[in-house]
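# What the coordinates show
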Amino acid sequence: MMDPKFLKPYSPQDTEPKIYKRYEESGFFSPETCVKEGITKPDAKPFTIMMPPPNVTGILHMGHGLMLTIEDILIRYKRMRGFRTLWLPGIDHAAIATQTKVEKDIQKTEKKTRHDLGREEFLKRIEKFADESHETIVSQIKTLGASCDWSREAYTLDEKRSLAVRTVFKKMYDDGLIYRGHRVVNWDPKGQTTVSDDEVSHEETKGKLYTFRYSKDFPIPIATTRPETKVGDTAVAVHPDDARYKEFIGKEFDISFVGVPLRIKIIADEEVDTEYGTGAVGVTPAHSMTDFEIAKRHNLPLKQVINEYAKMMVDTSELKDKKTKEAREIIVEQLKKEGLLEKEEEITINLSTADRSGGVIEPLPKLQWFVAVNKEFARPSGEKTTLKKIMRAAVESGAVKIIPNYFDKTYFHWIDKLGDWCISRQIWFGHRIPVWYDENGNTHHPKIIKVLLARHGESVAHTEHIIAGQLDSPLSKKGRVEAKELAKKLENSKITKIISSDLSRAEETARIVAESCGCKITTYKELREVDYGSLSKEKTVEGYSALRRKIDVNTGESLEELEKRAKNTLEIIKKETNSTEKLLVIGHRTFFSILDSTHKGLSNERFVEEREKWKMNTTEIKTLFFVSSPQEKNLTQDPDTLDTWFSSSLWTFSTLGWPEETEALKIYHPTDILETGYEIIFFWVARMIMMTGYVLGDVPFHTVYLHGTVRDDKGRKMSKSLGNGMDPMDIANEFGADAGRMALVVGNTPGTDTNISKQKIKGYKNFANKIWNASRFVLESIDTVGFDEKAELREEEKKRIEELQALSEDITKDIENYRFYLAAEKIYHYFWHTFADVIIEESKAMLKEGDEKARKSIVLCLYTILATTLKLLHPFMPFVTEEVWGSLPESALKTRGLLMVEEWPIE
RNA sequence: GCGCGCUUAGCUCAGUUGGUAGAGCAACCCGUUUACACCGGGUAGGUCGGGGGUUCAAGUCCCUCAGCGCGCACCA
């Protein structure tokens, strides 16, 4: 019988949370569970999307809603098509944005600055904020129906990602691709940090161009928009062919400019435009990037006259400590008074501001860390390349395809102009630069150690299905064969040293391997298997791990003791690898899992859970990476942190466990699609391509799908000041997440901005109700006529099903070609205006008056169409379709129970 | 300055390899004989920004002009 819930209008509020909970309980968001449950074939092709991690700064906006919708459509579609589908979620620490937000909050509530709190306390506050923010964001993502694998959730600042960051930093440093240097950088006086070129916006504003002479006895007039910087001039550049100034080239003048003594050299440089201004440029090496370049070419001294607070550093009573703006006025006044000002013109100039803080950028000379994008380096193959070439080649070769493709040009254009990437920030929140300095200013780096782990071969106890633990059970015959196999596998690994558990099964294995690679063995009792106490010698139980049993029975080593032993072992391993040793560790499965958990920084409460996830076969080799801070005395770590995009740029592989050679990395990388907004193509997309190309010699993804900005119904950007923002949570509450998703995706073409209105969303809420009621009609018909799966279809019904088949193919093609806007519209249109308005309407008469055969045929046809359209609609509107699916007659539901893992209508 | 995109019905936008225009919303008229008023049936509405070209055929390709939006760069 039809569920009476259909007698009421559809209620997304009651349905959606319930369905999501069922999804989470099913475990089907995890591809591994799908394989285990027989939903996905073990050899199925993988399909992977790494979720662009939302910033931990606050709550989600409509743009996130769009991102989640498009990605969920792709993921659900691929899952239904039988792919091994992974959608990995995560959160970004968003260094500057988050720090600024928390700083403001603290300033507001406590009237304190971060310096009042101190680095440690301030970071604690940020972490607390980030934790809360994280919780909100996760629950919001769930509300929107995202079917992502929460068991793999990553954070750009967690232990694993931190290891990836430090590993890459060191590798790039060793390759000469990361360097520390004195450069004129974009300084944000408001945010008190440097920012990269990409974080600076240029805005046209009115300004003045002043033409003047430094002093009466100086022969060449110059023009500038920033007279206050001119007290830092060390040269005047003219074009080498400029007849007006030729005679002065090479001469030096000692003059006094507004009371400041200057030594100005006249130099010739091709870059000077004779047409502009006076054809002579006052060169200010310390406060202009181009002048800095000129100064380098001509070996000019650099004279800093503006400080970090955008205040003057010169020693005259009029100018000292004055803000740049005031200094400008003072200088212009003085020039006028002395009759040195020749001209004052109104022009438009570009004002550079920092994206995040809005502060006016002050170019300052600073010692910072950079990524060299033009420097040649050798790949492992010996081939020479540069980071820029890697970025360019990925798209040029078609290895990475950008949708829409016209963004290729924007991408290449950006690469052409790209300079070295300043990656150090003077903020506290983020990955601290992994470099230490000693008293003499020498740099020291953490050591990245790669250690191989291998299990002993099968033991006699194993053969007998007995828990061995710290019992001494020798290798079985099979175990010795396995040890030899392991030795073979390690032949090319250049092992120089083996440490092993002192239990005989491990030691025997170690000896066999040592013989083949000719290296020494040291045994440690710290490496022994877990002590299972009274459980030793007992039979193993399938699906009930010895570790869990040990806890349940409360016998043997406690988790605290295990944690302590694991920590000691990690120290031993570090010590054993302190030179150039390549270390192999032979030990035991469960203790290795505990070692791994401890290494990841997990608390001992998670040992059991992690052990049950931990898989390690005999002869399998795992890797363990360590980053150890330099041990020398009196070292100070660099106080700066890394640009947040540095960690983001490793996202596709750091999320899969790199630098460990994980199984997941082999299966899911390169990922398939990167779906994100076009505004971060440079910040993120390009840098992921660069870093992945550098680290893995591969692309991070084969397709980039760029979506546009979500705007209000008048096409305006949503903003706080306009008050036209929409909260996706409000939308979900008022209309349902399904309706919000449809409204976001219909009419949304890649790369183009979309407008959204409550009216549009309401239309799709009505559509959800339409689905509900059409389903009710079909279920009622089944109730009255009965459902015969094998009923013979009449020609009329056959034709309708064929038509739907054609539509299914059409929609499939649209999704495959990333035309979600078309697919969504087509299925919407078919459901409402063909299925409901025509097919159902026309069936009514026959259902009443037709003969048995006709009625049976019609009911089967209605059911088939409903089931098929629910499948086609599911990626777009997961909740309502799932809810209806659950009410279809049991006899009709073939297998899986959840629509989410049903098969797509097209093969 | 360089580059990119947009300009199609009142509004928001589709129109995939060229075959003489579509959707949603809004408007107007009619309808309540139970799946749904969160509804049904129907009507009206566009010389596809202007100009030129290629073609049997152009919203679709080429050139050009204009308006709007965006990105990058920048001469002090």
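Now for a description of the structure that goes with this document. (Residues numbered from 1 in each chain as written. Chains lettered and ligands numbered in written order. Predicted model: local features only at pLDDT ≥ 70, side-chain atom pairs only at ≥ 80, totals over all residues. Heavy atoms only, no water.)

## Digging into the sheet that holds strand β8 (residues 222-224)
Selection rule: DSSP-based pairing: two strands are paired if at least 2 bridges between them are found. A run of DSSP states H or I qualifies as a helix once it reaches four residues; a run of E qualifies as a strand once it reaches two. Both are numbered from the N-terminal end. An axis is simply a line fitted to the C-alpha atoms; with a helix, the fit covers only the stretch in contact. Between two such axes, the angle follows the N-to-C directions and lies from 0 to 180 degrees.
Pairing in this open sheet of three strands is antiparallel, and the strands run β8-β7-β13 from one edge to the other. Every other strand in the sheet has two partners, leaving β8 and β13 (341-354) as the edge strands with one partner each. Adjacent strand axes in the sheet meet at a mean angle of 25 degrees when their direction is disregarded. Sheet topology note: the strand β7 (residues 200-212)/β13 ladder contains 13 bridges and is antiparallel.

## A few points about empty space enclosed by the protein
Going by this rule: A cavity, in this analysis, means grid points on a 1 Å lattice covering only the protein atoms where a 1.4 Å probe fits yet has no way out; a pocket is instead an open set bounded by protein on both sides within 12 Å along at least five of seven lines, and a residue lines either one if it has an atom within 4 Å of a point. Grid points are joined across faces, edges and corners, and a volume is the space filled by probe spheres set on the points.
Applying the stated criterion across every chain yields a total of two cavities of 30 Å³ or more. Size it by volume and the largest cavity reaches roughly 70 Å³. As for the largest cavity, its lining consists of M62, G65, T69, L144, P728, I731, A732, A737, G740, R741 and L744. Counting only elements with at least two residues in the lining of the largest cavity, the list comes to α3 (62-80), α23 (728-735) and α24 (737-745).

## A look at the protein's contact with RNA strand B
Defined as follows: The criterion for a residue being near a molecule or strand is simple. One of its heavy atoms has to lie within 4 Å of it. The term polar contact refers here to a pair of N or O atoms within 3.5 Å; inside protein, the definition further demands a hydrogen-donor-capable atom paired with an acceptor-capable atom, and it admits residues adjacent in sequence only when both atoms are side-chain atoms. Amino acids outside the nonpolar list (Ala, Val, Leu, Ile, Met, Phe, Trp, Tyr, Cys, Pro) and the charged list (Asp, Glu, Lys, Arg) are all regarded as polar, and Gly is one of them.
Near RNA strand B lie 43 residues; those nearest to it are D273, N350, K770, R819 and W832. Near the protein, within 4 Å, the atoms of RNA strand B are sugar or phosphate in 61% of cases. In the model, a sugar or linking oxygen of RNA strand B is placed 3.1 Å from a nitrogen or oxygen of the N766 side chain. Taking H833, its side chain carries an N or O atom lying 3.5 Å from a phosphate oxygen of RNA strand B. Every element with two or more residues in the surface near RNA strand B is listed here: β8, α11 (407-417), α25 (758-785) and α27 (820-849). The element that contributes the greatest number of residues to the surface near RNA strand B is α27, accounting for 11 residues. Of the residues assigned to the surface near RNA strand B, the class counts are 14 nonpolar, 16 polar and 13 charged.

## Quick look at α27
An α-helical segment advances 3.6 residues per turn. Residues three or four places apart therefore align on the same side. Threshold: Multiplying 1.5 Å by the residue count of a helix minus one yields the expected span of that helix. To get the bend at a residue, fit one axis to the 7 residues ending there and another to the 7 starting there, then take the angle between the axes.
The end-to-end C-alpha separation of α27 is 41 Å, in line with the 44 Å expected for 30 residues at 1.5 Å each. Most pronounced at F835, the bend in α27 amounts to some 40 degrees.

## As for unusual backbone geometry
We count it as follows: Only protein chains enter the calculation, and the probe is 1.4 Å; a residue is then buried if its accessible area is under 20% of its type maximum, exposed if over 50%, and partly exposed in between.
Following W658, the chain continues to P659 via a peptide bond in cis, the omega torsion being 10 degrees. Checked against the element boundaries, P659 lands in the loop between α20 (651-654) and α21 (663-668). Even without glycine at this site, K111 takes up a positive phi of about 55 degrees. Locating K111 in the fold gives a position in the loop between α4 (95-110) and α5 (114-117). For K111, a relative accessible area of 64% puts it in the exposed group. In this structure, N554 is a non-glycine residue whose phi angle is positive, near 60 degrees.

## Some details on the packing of helix α16 (residues 559-576) against helix α17 (residues 589-599)
What counts is decided by this rule: The scheme is simple: roughly parallel for angles under 35 degrees, roughly antiparallel for over 145, roughly perpendicular for 65 to 115, oblique for anything else. The contact criterion used throughout is that any non-hydrogen atoms of two residues lie within 4.5 Å.
Viewed as axis vectors pointing N to C, α16 and α17 meet at an angle of 80 degrees, and their least axial separation amounts to 9 Å. When the axes of α16 and α17 are compared, the pair comes out roughly perpendicular. Note on element contacts: α17 touches α16 through F591, I594, L595, T598 and H599, opposite L562, E563, R565, A566, K567, T569, L570 and I573. A per-class count over the contact of α16 with α17 returns seven nonpolar, three polar and three charged.

## Side note on the sheet that holds strand β25 (residues 583-587)
The mixed open sheet is built from five strands, whose spatial order is β24-β23-β25-β22-β26. The outermost strands of the open sheet, each flanked by one partner alone, are β24 (520-524) and β26 (621-628). When strand polarity is set aside, the average angle formed by the axes of neighbouring strands in this sheet is 25 degrees. Bridge count for strand β23 (residues 497-501) against β25 is four bridges, and the pairing is parallel. Counted as the bridge partner of I499 is V585 from β25. Packing against the sheet, helix α7 (residues 159-174) makes contact with β22 (447-455) and β26, and its axis sits at approximately 75 degrees to β26.

## Thoughts on the nonpolar core
In plain terms, the rule: Within this scheme, the nonpolar core is defined by two criteria: the residues are buried Ala, Val, Leu, Ile, Met, Phe, Trp, Tyr or Cys, and they are joined through side-chain atoms within 4.5 Å.
Membership of the largest hydrophobic core comes to 111 residues, with the highest contact counts inside it found for F767 and F835. For F835, the residues in contact, after removing those within four places along its chain, are A774, V778, Y830, I840, L862, I865 and L866. In terms of nonpolar packing, the next biggest core, distinct from the first, is built from 61 residues, I178, M391, I402 and W421 among them.

## Here we look at the packing of α25 against helix α29 (residues 878-885)
Look at α25 against α29: their axes get within 10 Å of each other, and the N-to-C directions meet at 10 degrees. Of the possible angle classes, the one that applies to α25 and α29 is roughly parallel. Within the contact between the two elements, α25 uses A768, I771, W772 and S775 and α29 uses V880, E883 and V884. Split into classes, the residues belonging to the contact of α25 with α29 amount to five nonpolar, one polar and one charged.

## Re α3
Look at α3: 27 Å from first C-alpha to last across 19 residues, which is about the 27 Å you get at 1.5 Å a residue. Among the 19 residues in α3, 19 count as buried, and that is most of the element. Backbone geometry just downstream of α3 places G82 in the positive-phi region, at approximately 95 degrees.

## Comments concerning the packing of aromatic side chains
We apply this condition: Only centres within 6.5 Å qualify two rings of Phe, Tyr or Trp (six-membered ring in Trp) as a pair; their planes then separate them into stacked at under 30 degrees, edge-to-face at over 60, and tilted for everything else. Look at NZ for Lys and CZ for Arg. If either is within 6 Å of the ring centre and within 35 degrees of the ring normal, a charge sits over the ring.
Under the definition given, this model contains 34 aromatic pairs. Centre to centre, the rings of F122 and W428 are 5.8 Å apart; their planes meet at 70 degrees, and the pair counts as edge-to-face. You can see F122 sitting in helix α6 (residues 119-143) and its partner W428 sitting in the loop between β19 (424-425) and β20 (436-437), a full 306 residues away along the chain. Given the relative accessible area of 1%, F122 is considered buried. Accessibility expressed as a relative area gives 14% for W428, which makes it buried. Here the aromatic rings of F212 and F257 are separated by 5.8 Å at their centres, their planes lie at 15 degrees, and the arrangement is stacked. Note that F212 is positioned in strand β7 and F257 in strand β10 (residues 252-257), a separation of 45 residues in sequence. The burial state of F212 is the same as that of F257; both residues are buried. Each residue in the set Y764, F767, Y828, F831, W832 and F835 is aromatic and connected to the rest through ring pairs, giving one cluster. Note that K366 overlies the ring of W187, its terminal NZ or CZ placed 4.7 Å from the centroid.

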